[in-house]
Amino acid sequence: MADAVISSITGKVVDLLCGVAKKEISYVCNCSENVEKCKNEADKLSRMKGRVQQQIDLARSNGEKLLSDVEEWMKKADAEISNATQFTNGGEDQEKCFHLCTLRRCSKTAIKKRFLFSSTKKTSTLEEIIRAIEDETIQIVGINGLGGVGKTTLASEVAKAIKNQFADIVFITVSRTVDVKMIQEKVGVAARRIVNGEKILIILDDVWEELKLEELGIPCGSEYMNCKILLTSRSKDVCAAMNVQKNISVNPLQEEEAWTLFERVVGKSEWNDTLKEVALKIVKECGGLPLFIQVVGKALKDKEIKIWEAALRRLQAPMDGDVSYKKEGILQLKLSYDHLEDEVAKSLFLLCSMFPEDGNIGLKTLTRYGLALGIFNNPDSIHDTKDIVQLAVESLKASFLLSPADVPIYLPVQLLFEVNRREEEELFKMHDLVRDMALFITFKGDDKFLVKSRKGLREWQPRSDVIKSYKKISLMENIILCKLPDYELDLPYLDTFLIQMNELSVVLDEFFRGMKELKVLDMSGNNISSLPQSLTQLTKLRLLDLSGNKSLCEISILGGLSCLEILKLRRTGIRNIPEEIGQLTNLRLLDVYYCIDLSYVTPCVISKLIRLEELYVWFSKEEGNCNFLTELSELTLLKILRLRVWELCYIPKIEPLIEFDIGPPVRPIGLYKRCLEVFGNKCSWTMPIRKLIQLSEMLTLSFINDLDNILPDLYQEGFNELREIHLWYCENVRSLVKTCDLDGIQTSNERGGPMKTKGKFFSHLEVIELSRLNGLELLWDNPHQCISFCNLMRISITHCPSLLKLFPISVAQGLVNLKHIHISDCESLVNVISDGDEQTTRSEIELKDIELDNLPKLESFYSGYSIIKYPSLENIKVKGCPSMKRWSYGENHTTKIEFYHEGR
C-alpha cells in the first residue's frame, strides 16, 4: 500500500518537474508571440478603462458615491497600461530578448499581464453587485445567468468583500427542491438580529422558483431595510417575481476571454496550427461558460492531438437524440469523467451523485461507503483507505468535478453542533450540472442508480418490476414517515440503500427480504425504535449506520450479521453493548459515541472484536462500568480510539494509536488528532497513561491534587508532540517546569541509564492555558538545555492567586514566537518578567497583544533594567491594576501600540 502511494506521488512529482521545464522552454520559444498578445490585451484594457470611466462620469453626474475599490482599480489599470506600453515598445529590451534569460523573462511577463487583463471584466461585475448592495434604497439584488457561468462564485466573493459591513452573513443554497424548514432554521438567529436592528446580508443561492420571503422567516420590506438579500438564479423571470430591485446578468465569456481561460487551464503557450484549430472549435462548443471550459480543458491537458480531435467529434455530434442533455452541457462535462484514468476516482465520483443537489459530502462517509462496496482492492486498513480517497478527491477537484464545500462567513451558534456531529470531516460538493452528468451516467449504464434525495418525498411505494434492475437507491433527506412498502421488494442486484435523514418510525418486517446482495445500509437520522426481522437476511451487509435513532435500545438482532465491518450506533438509546455483538468478528469500526444512556459493555465482547481498527465509546453516566477497557489490549489492529469515560485507570498498554481523543464526557472533541484529558484524583499515573501523555498533541489536566509540576513529575520520554497544554483546578501545582530537579534525574525507564530525549522538551508547544491553580507560583525558573519553548505563541493565566511572576528575562529571551499574553485575577502577581539587572542586556520580544486584568499588586510588566524592544506590539489592555506605576525600569522601544488603560 505504502509503495503504491509513494509511486503515485513520485510519478506526480516527475510529471510536475517535466511540466515546469517544458513551460520554461516555451517562454523562450514564444517570446514574440506572447509580447504581441500582451500588446493586444493592453489595448483591450485601455478600451475597458474608457468604458469604466464613462460609467464613473455617469455615476458622479447622478450624485452617486464611488466605491474606493473602483478608484483603486482605475489607478492600477493606468499603471498596467503604462507598464505594458513601456514593455512592448522598449527597443532595448526587445533586443535583449535574444538572450535566453531575458527571452524567458519577457515572455513570462507578457503572459502574466494577459492573465491580469482578462480578470477585469469579472472585477467590474463584482463592483456592480457590491454597489447595488450598498445602495440604501435597494433591499433585494439579483444575479442571473446560465448554469456554470459563475453566479455562485460571484456571490461568495461578494460575501468576502463586504463581510465587515454586516453583523452577519447567511449563505443558503436553495436548489430545485425548496426545503422551507432548512431555510427557516438557517435564518432563525439572523432574523431575530434583523428585528433588533442589526445589519444582515442573506444570500439565497441557486433559486429556481419564486420564494415567499415572509414564509421563510426573512424579515423584509421598508421597515427592515437593514436586511439585504442577494439571490442567484438562472431565470430572469424568477428574479422579477421576487421583486428584485437591481438585477445583474452574468453573461458567458466572449470568444477572446474564453480562449484566454482555456489556454490558462491547459497550460499551453505554443500551438501548432492544426491543434489550435481543433482547440478553438472545442472552446466554441463550451459556449463561453467557465465551468465547461475548465472541465474540458483539464480533461485534455497534455493529451495527444488525436484525443483532442476525438473530443471535438463527440462535442459536435448529437447525443442519442437527447437534445435536453446536450443543451445542459452533459457532453462537455462527461468528457472529463471519461478521461479519468483512476477507476477508484470514477466510482467515488458516481457515489457522490447519491447525495442531495448542492449538499455537502464528507470524506469519512465516502470512505466508509466505498470500503463496504469493495472498490479499493482490499487496502490494509481503514486509515490507508482514507489516504486513497483523499488522493481521488483531490484528483476530482483538480478536474473541476468536485469543489470545496461552502464555508460560512460567520458560524451561527446553531451550526456548532452540526460541525461537531460531522466530526470535522473534510467536506466537498458537486456543482448541480456536474451532478446531472453523473446521474445521466448512472441512469444510462449497467450499474443503475435511483436517486431521489431531498425531493420532498412523503412516501415511497415503487413497483417492484420497475426498480428491479437498480444497484443503488438513495432516498436520503426526505420526509418519509412510515410510508414504505409493507411487502417484500425484489431487488436482487441492490448493494446500496440510503434512507438516512427522514422521519421513519417503523420499518416493517418484510421490507429487506428481497435485498440479499445489500452491502451498505444507512438508516441514520430517523425515529426507528425497533429493527425489522428481515434485517437478519442481509448476510452480505458490510456497513450499517443507525446513528441518531434515539429511541432505538435493543440491538441484539445485529449479532447475526456476520459480514458486518462498520457498525455505527452513535446517538442511539442503547444502554449496553450486548453479548451478541461479540459475534461480529469481522467488525473493523464500532461507534457508540454520544449514547447518553450507555453505561455497560458485556464482558469479553470487545476482546472478541480482534479486527477492530476504530472504536468510539461515550459513557455519560459516572456509574458506568469501565472494566471493559482492560480488553483493549487484545485489539492489536486498533488505530483510532475516541473514548469519553469517567475512569481511565483501566486503560491498558495499547499499540501506538494514529488518532485518539480520551477523557471524561464533558467536552467536545479536540482540534488535534491526539488529545488527552486526565480528570480527577481517581486516575493513577500508570505507564499506559504516561505513554498517552507523551504522544498527545493536546493535553488537559483538571481537578488533580497529586501533581506538583508537569516536568519532571510526568516525565517518561518527553513531550515531543505536545502543541497545547491546559491545567484547571489542580490545587498543588507549583510550576509548569521545575528545572532544578532535571539535572539530578536519571532515566525513568525500567532498565535505568541516562535520561533520553528525542529533542528538547516542549519544542512544539504553542499554547499554555492555566486556570484555578491555587498553588502556582511561577511557570519555570531558568533556561535549561533540555527545554525549549521556541514555538510558544499564547499564554493565558487566570485565577492563580499565588502567582508572583511569570518568568525571568533569561527565559523571555527564548520565547521568540510568543505573540499573546493574557493574565487576569492573579492577586499576588507583582511583575510579569523579572530579574535581568544588567543594563547592557538587550532583548527583542515579538509580543503582539498583552492583556492584564484585575491584578491588584502588579507594579510593572518588567522589573529589570534591560533594554527591551517590542517590534510587533499592537495592543496593550490594562484594567484593574491600581499598583502599576510604570511599564519597566529599563528602556522600552515599542511601535504600533494602541494602549487601553482602565481602572487605574
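Engineer: Explanation requested: the nonpolar core in the structure shown.
Structural biologist: Soluble, globular proteins show a tendency: their nonpolar side chains are buried together. By size, the foremost hydrophobic cluster in this structure holds 133 residues, and its most contacted members are Leu 852 and Phe 861. In contact with Leu 852, other than residues within four places in its own chain, are Ile 823, Val 832, Leu 858, Phe 861, Lys 877, Val 878, Lys 879, Cys 881, Met 884 and Trp 887. Core analysis: the second largest hydrophobic core is formed by 96 residues, Ile 133, Ala 159, Val 451 and Ile 566 among them.

Engineer: I'm lost on the sheet that holds strand β26 (residues 805–808) in this one. Help?
Structural biologist: Either a parallel or an antiparallel arrangement is found when strands of a sheet pair, and the pairing is made through backbone hydrogen bonds. Taken together, three strands build an open sheet; the order of strands is β26-β28-β31 and the sheet is parallel. A strand with exactly one partner marks an edge of an open sheet, and here the two such strands are β26 and β31 (860–862). Across the sheet, the axes of successive neighbouring strands diverge by a mean angle of 20°, strand direction being ignored. Note that β26 and strand β28 (residues 831–834) share three bridges and pair parallel. Paired with Lys 805 across the two strands is Asn 831, which belongs to β28.

Engineer: I keep staring at the sheet that holds strand β1 (residues 140–144) and nothing clicks. Help me out?
Structural biologist: The sheet built from five strands is open, its strands ordered β2-β3-β4-β1-β5 with parallel pairing. The open sheet is flanked by β2 (168–175) and β5 (246–249), the only strands paired with a single partner. The average angle at which neighbouring strand axes cross in this sheet is 15°, direction not considered. Pairing between β2 and strand β3 (residues 200–207): seven bridges, direction parallel.

Engineer: Please clarify how the packing of helix α10 (residues 255–266) against helix α11 (residues 273–285) should be interpreted in this entry.
Structural biologist: Relative orientation and spacing of two packed helices are given, respectively, by the angle between their axes and the distance between those axes. Running from N to C, α10 and α11 cross one another at 115°; their axes reach a closest spacing of 10 Å. Between α10 and α11, the interaxial angle falls into the category roughly perpendicular. The two elements α10 and α11 cross, and the hand of that crossing is right-handed. From α10, Ala 258, Trp 259 and Phe 262 reach across to α11, where they touch Lys 276, Ala 279, Leu 280, Ile 282 and Val 283.

Engineer: Explanation requested: the pattern of salt bridges in the structure shown.
Structural biologist: Once their charged atoms are close, side chains differing in charge can pair, the charge on each being opposite to the other. Applying the stated criterion across every chain yields a total of 34 salt bridges. One salt bridge in this structure joins Arg 454 and Glu 477, with 3.0 Å as the shortest N-O distance. Pair noted here: Arg 454 is in the loop between β9 (449–451) and α21 (464–467) and Glu 477 is in the loop between β10 (472–474) and β11 (496–498), with a separation of 23 residues, a long-range link. Judged by its relative accessible area of 18%, Arg 454 is buried.

Engineer: Please clarify how the environment of Phe 628 should be interpreted in this entry.
Structural biologist: Structurally, Phe 628 is set in the loop between β18 (614–618) and β19 (640–644). Judged by relative accessible area, which is 2%, Phe 628 ranks as buried. Distance from Phe 628 to Tyr 600, taken between C-alpha atoms, is 8.5 Å for residues 28 residues apart in sequence.

Engineer: So what exactly am I meant to see when it comes to the packing of aromatic side chains here?
Structural biologist: Think of a pair of aromatic rings as described by two things: how far the centres are apart, and how the planes are tilted against each other in angle. Counted by the stated rule, this structure contains 23 aromatic pairs. Look at Phe 703 and Tyr 729: their rings are 4.6 Å apart centre to centre, the planes differ by 5°, and that puts the pair in the stacked class. Here Tyr 729 lies in the loop between β23 (724–728) and β24 (767–771) and Phe 703 lies in the loop between β22 (698–702) and β23, a separation of 26 residues in the sequence. Look at Tyr 729 and you get partly exposed, because its relative accessible area is 36%. Plain terms: the ring middles of Trp 780 and Phe 807 are 5.6 Å apart, the flat faces sit at 35° to each other, and that makes the pair tilted. With Trp 780 in the loop between β24 and β25 (794–798) and Phe 807 in strand β26, this pair connects stretches of sequence that are 27 residues apart. By the ring-pair criterion, three or more aromatic residues cluster together here, those being Trp 259, Phe 262, Trp 271 and Trp 308. Lying over the aromatic face of Phe 166, Lys 199 brings its terminal NZ or CZ to 5.0 Å of the ring centre.

Engineer: Got a minute to help me understand the pairing of β22 in this structure?
Structural biologist: The two faces of a sheet get side chains in turn, since along a regular strand they alternate between them. Burial within β22 is extensive, with five of its five residues counted as buried. Going residue by residue along β22, you find Met 698, Thr 700 and Ser 702 tucked away on one face and Leu 699 and Leu 701 tucked away on the opposite face as well. Direction of pairing for strand β21 (residues 674–679) relative to β22: parallel, over a ladder of five bridges. Bridge pairing links Glu 677 to Thr 700 in β22. Sheet analysis places β22 next to β23, joined by five bridges and oriented parallel. Looking at the pairing, Leu 701 lines up with Leu 727 of β23.

Engineer: Explain the confidence of the model for the protein here, please?
Structural biologist: Do not read the predicted coordinates in detail wherever pLDDT is low. When pLDDT is averaged across the protein, the result is 82; 78% of the residues are at 70 or more. The low-confidence segment residues 91–118, where pLDDT is below 50, has 53 contacts with residues more than four positions distant or belonging to other chains. Every residue in residues 746–755 is under pLDDT 50, and counting partners more than four places away or in other chains gives 14 contacts.

Engineer: It is not clear to me how helix α16 (residues 343–352) should be interpreted in this structure. Could you clarify?
Structural biologist: Residues spaced three or four apart along an α-helix point in a common direction, a consequence of the helix completing one turn every 3.6 residues. Among the 10 residues of α16, eight are classified as buried, and the element is accordingly described as predominantly covered. Looking only at α16, the buried set comprises Val 344, Ala 345, Lys 346, Leu 348, Phe 349, Leu 350, Leu 351 and Cys 352. Sitting at the head of α16, Asp 342 places a side-chain oxygen 2.9 Å from the backbone nitrogen of Val 344.

Engineer: How do you make sense of the side chain of His 726 when you look at a structure like this?
Structural biologist: Its location among the elements puts His 726 in strand β23. On the accessibility criterion, His 726 (5% relative accessible area) is buried. At 3.1 Å, the side chain of His 726 and the side chain of Glu 769 are in polar contact. Residues contacting His 726, with those up to four places away along its chain left out, are Met 698, Leu 699, Thr 700, Leu 701 and Glu 769.

Engineer: What is the right way to read helix α13 (residues 305–316) from this model?
Structural biologist: A rise of 1.5 Å per residue sets the reference length of α13, with its 12 residues, at 16 Å; its end C-alpha atoms lie 17 Å apart and thus fit the reference within 8%. Every buried residue belonging to α13 is among Trp 308, Ala 311, Leu 312 and Leu 315, and all of these are buried. For α13, the arc enclosing every buried residue in end-on projection is 100°, short of the 170-degree limit, so these residues lie on one face. Turned more than 90 degrees away from the buried face of α13, the exposed residues are Lys 306 and Arg 313.

Engineer: Would you mind showing me how to read the pairing of strand β30 (residues 849–853) here?
Structural biologist: With burial as the criterion, only one face of β30 is covered, namely that bearing Ile 850 and Leu 852; the residues Asp 849, Glu 851 and Asp 853 on the opposite face remain uncovered. Here five bridges tie strand β27 (residues 820–824) to β30, and the two strands are oriented parallel to one another. By the bridge assignment for β30, Ile 821 is matched with Ile 850. Taken together, the five bridges between β30 and strand β33 (residues 875–879) define a ladder with parallel strand orientation. Its bridge partner being in β33, Asp 853 is matched across the sheet by Lys 879.

Rules behind the numbers
Residues numbered from 1 in each chain as written. Predicted model: local features only at pLDDT ≥ 70, side-chain atom pairs only at ≥ 80, totals over all residues. Heavy atoms only, no water. Core = buried A, V, L, I, M, F, W, Y, C linked by side-chain atoms within 4.5 Å. Buried < 20%, exposed > 50% of the residue type's maximum accessible area, 1.4 Å probe, protein only. Contact = heavy atoms within 4.5 Å. Pairing = 2+ DSSP bridges. Helix = DSSP H or I, 4+ residues; strand = E, 2+ residues; numbered from the N terminus. Axes fitted to C-alpha atoms, helices over the stretch in contact; angles between N-to-C directions. Parallel < 35°, antiparallel > 145°, perpendicular 65-115°, else oblique. Left-handed = near helix turned anticlockwise from the far one by under 90°. Salt bridge = Lys/Arg side-chain N within 4 Å of Asp/Glu carboxyl O. Phe/Tyr/Trp six-rings, centres within 6.5 Å; stacked < 30°, edge-to-face > 60°. Lys NZ or Arg CZ within 6 Å of the ring centre and 35° of its normal. pLDDT = per-residue confidence, 0-100. Polar contact = N/O pair within 3.5 Å; in protein donor to acceptor, adjacent residues only side chain to side chain. Expected span 1.5 Å × (residues − 1). Arc of directions from axis to C-beta.

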